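# Coordinate analysis (summary)
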Amino acid sequence: MSKIACITGASSGFGKACAEKFASHRYDLIITGRREEKLNELKSELEKKFGVRIKVLAFDIRNKKSTIDAVNNLDNSWKKIQLLINNAGLALGRDYFDEADLEDWDTMIDTNVKGLLYITKALLPNLIDAGSAHIINIGSTAGKEVYEKGNTYCASKFAVGALSEAMRIDLLRHGIKVTVIHPGAAETEFSLVRFKGDASKAKAVYDGIKALSANDVADTIYYCTTLPAHVCINELVLTCTQQANSFYFYKG
Ligand code: NDP
Ligand code: 8X3
């Protein structure tokens, strides 16, 4: 029988690349995000190409009720979920602490931290019942070193790191693997969202580097799921070769 994975934030970027990667390895998928049309397009494409089942759940992960209802409404054929990829997230703005927008801070914390908690809590009974489940949380190099004007985005990703440790400890007795992946700069819709549609600011982030692609990240995530049952990658940092950490890039 096929394994079932739930991938949050699958309408673009890492989540979409993960959906393609896991579908190509015969996983049935629950894909989530707010943009239902994009999710439905992906569903049709992957069902046709790989013959797998895809369930679209369109909801805003900041909304606790919508998140819990979406999970509770799954029928029995979707309940044995072995893998959760907590990927939905965003940065909004890149501003000094004293100049940053409170609304942006709320959105980042509500999405990257509280949304991750809501969906994980909602799916945990399924993950526990499935036995030998795996949770993969997407952190960031921003959750390893705080950089100038990164303030609340960095804090939200430090929280993802802390929550990953907490989950690993508290879920040990259920045999659940917990992995946190910290990617560096990767070219997706991330910077366009961060700079609120300003394409030239978004493009400038990647000038002079061959940044990670969404597929590079999806390949790494997939690798973490291929290890023997007794082996768990707890934490993994990946950057492009021209990036050393949050601060150091070589743009030669
Ligand atoms: P994208 O902007 O391409 O994708 C973000 C995904 O998150 C989209 O599918 C979006 O779906 C979903 N999402 C955002 N807000 C919500 C919400 N309120 N409710 C439901 N879904 C939501 O960016 P990436 O693929 O780059 O980012 C994925 C993750 O990786 C994020 O957590 C990001 O912080 C992290 N990351 C990104 C890096 C990068 O350089 N790109 C590096 C390190 C980490 P929709 O808009 O349809 O709701
Ligand atoms: C995304 C990478 O460096 O823009 O998390 O924060 S960075």
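Everything below is about the structure shown above.
What this report covers is the structure whose coordinates are included nearby. Being a predicted model, the structure only gives us computed values, none of them experimental.

## A look at the overall build of the protein chain
Within the protein chain, the regular secondary structure consists of 8 helices and 7 strands. Taken over C-alpha atoms, the radius of gyration comes to 17 Å for the protein chain, in line with the 18 Å a tight globule of 252 residues would show. Counting only C-alpha atoms and orienting by the principal axes, one finds that the protein chain spans roughly 50 × 40 × 35 Å. Considering only contacts within the protein chain whose residues lie at least 6 apart along the sequence, 72% involve residues at least 24 apart. As presented, the protein chain carries roughly 12,300 Å² of accessible surface, and 51% of it is formed by carbon and sulfur atoms. Looking at charge distribution, the protein chain has the averaged site of its 32 positive side-chain charges lying 6 Å from that of its 30 negative ones.

## Description of the pairing of strand E1 (residues 4-7)
Judged by which residues are buried, E1 turns out to be covered on both faces: Ile4 and Cys6 on one side and Ala5 and Ile7 on the other are all buried. In this structure, E1 lies alongside strand E2 (residues 28-33), joined through 4 bridges in parallel fashion. Each residue of the ladder has a partner; that of Ile4, found in E2, is Asp28. A crossover links E1 with its parallel partner E2, the connecting element being helix H1 (residues 13-24), and its sense is right-handed. Bridge count for E1 against strand E4 (residues 81-86) is 4 bridges, and the pairing is parallel. Each bridged residue has a counterpart across the sheet, and for Ile7 the counterpart in E4 is Ile85.

## Digging into the site of ligand 2
With respect to spatial proximity, the complete set of residues near ligand 2 consists of Ser140, Ala142, Tyr147, Tyr153, Phe190 and Arg194. Side-chain polar atom of Ser140 to an oxygen atom of ligand 2: 2.5 Å apart, as the coordinates give it. One of the side-chain N or O atoms of Arg194 is found 3.5 Å from an oxygen atom in ligand 2. Protein chains bury 85% of the 240 Å² of accessible surface belonging to ligand 2 in isolation. Its residues placed into classes, the shell around ligand 2 shows 4 nonpolar, 1 polar and 1 charged.

## A short note on the packing of aromatic side chains
As enumerated under the stated definition, the model contains 5 aromatic pairs in all. Pairing Phe97 with Trp105 gives two aromatic rings, centres 4.8 Å apart and planes at 50°, and the pair type is tilted. Phe97 sits in the exposed class, given a relative accessible area of 56%. Taking the relative accessible area as the measure of exposure, Trp105 reaches 16% and is therefore buried. Ring pairs connect the aromatic residues Phe22, Tyr27 and Tyr222, which therefore count as one cluster. Residue placement shows Lys149 over the ring face of Tyr96; its charged tip is 4.5 Å from the ring centre. Here the guanidinium or amino end of Lys251 rests over the ring plane of Phe249, the centre of that ring lying 5.8 Å away.

## Quick word on the pattern of salt bridges
Tallied over the full model, the rule gives 10 salt bridges. With a shortest N-O distance of 3.2 Å, Arg53 and Asp28 are connected by a salt bridge. On the criterion of sequence distance, the pair formed by Arg53 in the loop between helix H2 (36-50) and strand E3 (54-58) and Asp28 in strand E2 is long-range, its members being 25 residues apart. Here Arg53 falls in the partly exposed class, since its relative accessible area comes to 31%. Asp28 sits in the buried class, given a relative accessible area of 8%. For the salt bridge of Glu47 with Lys43, the shortest nitrogen-to-oxygen distance reads 2.9 Å. Of the two residues, Glu47 and Lys43 are both situated in helix H2; the distance of 4 residues between them amounts to about one turn of the helix.

So, how was this worked out
- Residues numbered from 1 in each chain as written.
- Chains lettered and ligands numbered in written order.
- Predicted model: local features only at pLDDT ≥ 70, side-chain atom pairs only at ≥ 80, totals over all residues.
- Heavy atoms only, no water.
- Helix = DSSP H or I, 4+ residues; strand = E, 2+ residues; numbered from the N terminus.
- Rg over C-alpha atoms; globule rule 2.2 N^0.38 Å.
- Contact = heavy atoms within 4.5 Å.
- Areas by Shrake-Rupley, 256 points an atom, 1.4 Å probe, with all protein chains shown as cover.
- Lys, Arg positive; Asp, Glu negative; His and termini not counted.
- Charge placed at Lys NZ, Arg CZ, Asp CG, Glu CD.
- Buried < 20%, exposed > 50% of the residue type's maximum accessible area, 1.4 Å probe, protein only.
- Pairing = 2+ DSSP bridges.
- Right-handed = clockwise from strand over helix to strand, strands pointing away.
- Near = heavy atom within 4 Å.
- Polar contact = N/O pair within 3.5 Å; in protein donor to acceptor, adjacent residues only side chain to side chain.
- Nonpolar A, V, L, I, M, F, W, Y, C, P; charged D, E, K, R; others polar.
- Phe/Tyr/Trp six-rings, centres within 6.5 Å; stacked < 30°, edge-to-face > 60°.
- Lys NZ or Arg CZ within 6 Å of the ring centre and 35° of its normal.
- Salt bridge = Lys/Arg side-chain N within 4 Å of Asp/Glu carboxyl O.

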